[in-house]
Amino acid sequence: MPDRDDPSPFRRLPPVNELLASGPLAGSIDRLGRDAVLSAVRSTLDDARSRIARGEAIEVDPGALARSAADRLASDRPILRPVINATGILLHTGLGRAPLAREAVEAVARVASGYCNLEFDLESGHRGRRADGVAGLIRRLTGAEAATVVNNNAGATMLALRALATGREVVVSRGQLVEIGGSYRLPEVFEASGARLREVGTTNRTRLSDYERAIGPDTAALLRVHPSNYRIVGFTESVGISELAALGRSRGVLTIDDVGSGALGPGRPPVVVEEPTVLEGVQAGADLVLCSGDKLLGGPQCGLLIGREAVIRRIEADPLMRALRVDKMTLAALEATLRIALDPSRASRSIPLWAFLATPVESLRGRADRLSDRLREEFGLGAASADSVSYVGGGSAPGEAIPSVSVRIEPPLPGRCPGASEASRALREGEPGVVCRVQAGALWFDLRAVFEEDDDRIAGAIGAVVRG
Ligand SMILES: *Cc1c(COP(=O)(O)O)cnc(C)c1O
């Protein structure tokens, strides 16, 4: 124990353990983990020592130091931090869409901390092309002639329209004028691109003859957009990509297929049967197929442009290409993900999104039962496993309800957050943050998109809120 009468101000600083046990910090250990709190306490004490060494008169009172460590803890906390996704929405755009495969993360780490041959041909020693490596893999996966990569699919669409159709018309069915969320609305993307939108058909029915009649001297392309996040059902008719591509060919205009989701084919993620794949678009004869990297492919955020060599070269020559280009980390993650995608059975094990979709309901139920038992026994909570429904989300496969299992907790909870919405807020703000659903006044933790090793961390996070 330090002697409080010691005249040396250094000796009057309280020991680390005394601060850790003090009021404002003891509670934080549960919420934020001992390591984070310990590191804040050590930095606070280091800081106090340097200030004493500089001759400043500072407060060495444990209460003041603990408060200052608590402030430091709050401000040191990363703003962007990992959360556990217990919402049952697998590609949750708010939570960063697809988690990367371990191989992809390792590939990012390998290139991120140093230099790499991003645009450099190691054989010749000359400048190389940035997307060449992944283009080769995409060609193998889809049979297309060429491919390139940009920041996301919204960028890919904008770039394609600009490079291939500025000042000219692109024909789109009225049933496919999508809004993907937030700022992506197809008519607005057209306006920004400089291409003219030529709408045909009606919301529920568009025929080949509608496209035929719209083609004229100003037509640059026919565009099919996959209605990724809605379905038109009932009295409907739409034109398949094969028919559309055949029409485009016969009339000398390009056909562009925005499949949205990014399932490349030949394999598809388990459970997902309705989504079109890039492979289908290429085989149907589309000149250009567009998709996202962080939807069903389960890779990093990016937009893939896949198609005929001449079309891809025109796109790459557009000045907007430079503005939308991806960095080395994205390319590293994409390459690793594409390598896994070459073998669909490996994809179902290694790409988290695919593995989540492949998990049998019975396995989720076993985990939910164990977690609920523990929450009942350890914390006296009204917890039980319950059937629930997951969705792919992120604007993919809207019609496909995926059976899942959740842990349901009925309020009131003991402790400072008795109600479901207060408890869900405390869980979001904890460490790790847990994002669950509040439904009919209860908390639902859907396990479909939860890594099995995170089950214990969910229990710990709930425990921290209950004891809080
Ligand atoms: C998701 C989606 C987009 C936008 O893709 P981002 O990668 O999110 O920019 C565009 N078109 C379709 C059909 C989509 O599903």
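Keep in mind the model is a prediction, meaning the values are calculated, not measured.

1. Observations concerning the packing of aromatic side chains
Phase 1: With the rule as written, the count across this model stands at one aromatic pair.
Phase 2: Where Phe356 meets Phe451, the ring centres are 4.9 Å apart and the plane angle is 65 degrees; that geometry is what we call edge-to-face. Residue Phe356 is found in helix 16 (residues 352-358), and its partner Phe451 is found in the loop between strand 15 (442-446) and helix 19 (455-467); the two are separated by 95 residues along the sequence.
Phase 3: On the accessibility criterion, Phe356 (7% relative accessible area) is buried.
Phase 4: The aromatic ring of Phe235 is capped on one face by Arg205, whose charged end is 3.8 Å from the ring centroid.

2. A closer look at the site of the ligand
Phase 1: Near the ligand lie 14 residues; those nearest to it are Ala154, Ser228, Asp258, Ser292 and Lys295.
Phase 2: Relative to its free-state accessible area of 380 Å², the ligand is covered by the protein chains to the extent of 95%.
Phase 3: At the level of elements, helix 7 (153-165) and strand 8 (254-260) are the ones that each hand at least two residues to the shell around the ligand.
Phase 4: Split into classes, the residues belonging to the shell around the ligand amount to four nonpolar, seven polar and three charged.

3. Comments concerning the domain arrangement of the protein chain
Phase 1: According to the domain assignment, the protein chain consists of domain 1 (16-75), domain 2 (83-96 + 356-467) and domain 3 (102-350).
Phase 2: Measuring from the centre of the C-alpha atoms in domain 1 to the corresponding centre in domain 2 gives 33 Å.

4. Quick look at the packing of helix 5 (residues 102-112) against helix 14 (residues 328-341)
Phase 1: Between helix 5 and helix 14, the least distance of the axes is 8 Å, while the angle of their chain directions is 145 degrees. As for how helix 5 packs across helix 14, the hand of that crossing is right-handed. Between helix 5 and helix 14, the contacting residues are Glu103, Ala104, Ala107, Val108, Val111 and Ala112 on the first element and Lys328, Met329, Ala332, Ala333, Ala336, Thr337 and Ile340 on the second.
Phase 2: In the contact of helix 5 with helix 14, the residues fall into ten nonpolar, one polar and two charged.

5. Some words on the layout of surface pockets
Phase 1: By volume, the second largest pocket is sized at about 570 Å³.
Phase 2: Along the wall of the second largest pocket there are 27 residues; nearest its centre are Asn117, Leu118, Arg130, Gly133 and Glu335.
Phase 3: Breaking the lining of the second largest pocket down by element, the ones donating at least two residues are helix 5, helix 6 (132-142) and helix 14.
Phase 4: Per element, the largest residue contribution to the lining of the second largest pocket is seven residues, and it comes from helix 14.
Phase 5: When grouped by side-chain class, the residues that make up the lining of the second largest pocket number 13 nonpolar, three polar and eleven charged.

6. Remarks on the UniProt feature "modified residue: N6-(pyridoxal phosphate)lysine" (unreviewed entry) in the protein chain
Phase 1: Per the UniProt record, "modified residue: N6-(pyridoxal phosphate)lysine" (unreviewed entry) is found at Lys295.
Phase 2: Along the chain, Lys295 falls in the loop between strand 9 (288-292) and strand 10 (303-307).
Phase 3: On the basis of relative accessible area, Lys295 is assigned to the buried category, the value being 4%.
Phase 4: When sequence neighbours within four positions are dropped, the list of residues in contact with Lys295 reads Leu91, Arg97, Ala98, Gly260, Ser261, Leu353, Gly394, Gly395 and Ser396.

7. Topic: unusual backbone geometry
Phase 1: In this structure, the amide linkage connecting Pro411 to the following residue, Pro412, adopts the cis form with an omega of 5 degrees.
Phase 2: By the element assignment, Pro412 lies in the loop between strand 12 (402-410) and helix 18 (420-429).
Phase 3: Along the chain, Glu431 connects to Pro432 via a cis peptide bond; the corresponding omega equals 0 degrees.
Phase 4: As for its position among the elements, Pro432 is in the loop between helix 18 and strand 13 (433-435).
Phase 5: Within the chain, Arg97 stands out as a residue other than glycine whose phi angle is a positive 55 degrees.
Phase 6: Of note, Arg97 is situated in the loop between strand 1 (83-85) and helix 5.

The rules behind each value
- Residues numbered from 1 in each chain as written.
- Predicted model: local features only at pLDDT ≥ 70, side-chain atom pairs only at ≥ 80, totals over all residues.
- Heavy atoms only, no water.
- Phe/Tyr/Trp six-rings, centres within 6.5 Å; stacked < 30°, edge-to-face > 60°.
- Helix = DSSP H or I, 4+ residues; strand = E, 2+ residues; numbered from the N terminus.
- Buried < 20%, exposed > 50% of the residue type's maximum accessible area, 1.4 Å probe, protein only.
- Lys NZ or Arg CZ within 6 Å of the ring centre and 35° of its normal.
- Near = heavy atom within 4 Å.
- Areas by Shrake-Rupley, 256 points an atom, 1.4 Å probe, with all protein chains shown as cover.
- Nonpolar A, V, L, I, M, F, W, Y, C, P; charged D, E, K, R; others polar.
- Domains from an automatic or database assignment.
- Axes fitted to C-alpha atoms, helices over the stretch in contact; angles between N-to-C directions.
- Left-handed = near helix turned anticlockwise from the far one by under 90°.
- Contact = heavy atoms within 4.5 Å.
- 1 Å grid on protein atoms, 1.4 Å probe; cavity = no way out; pocket = protein on both sides within 12 Å on 5 of 7 lines; lining within 4 Å.
- Points joined across faces, edges and corners; volume = space filled by probe spheres on them.
- UniProt positions renumbered as here; feature names shortened; annotations may be inferred.

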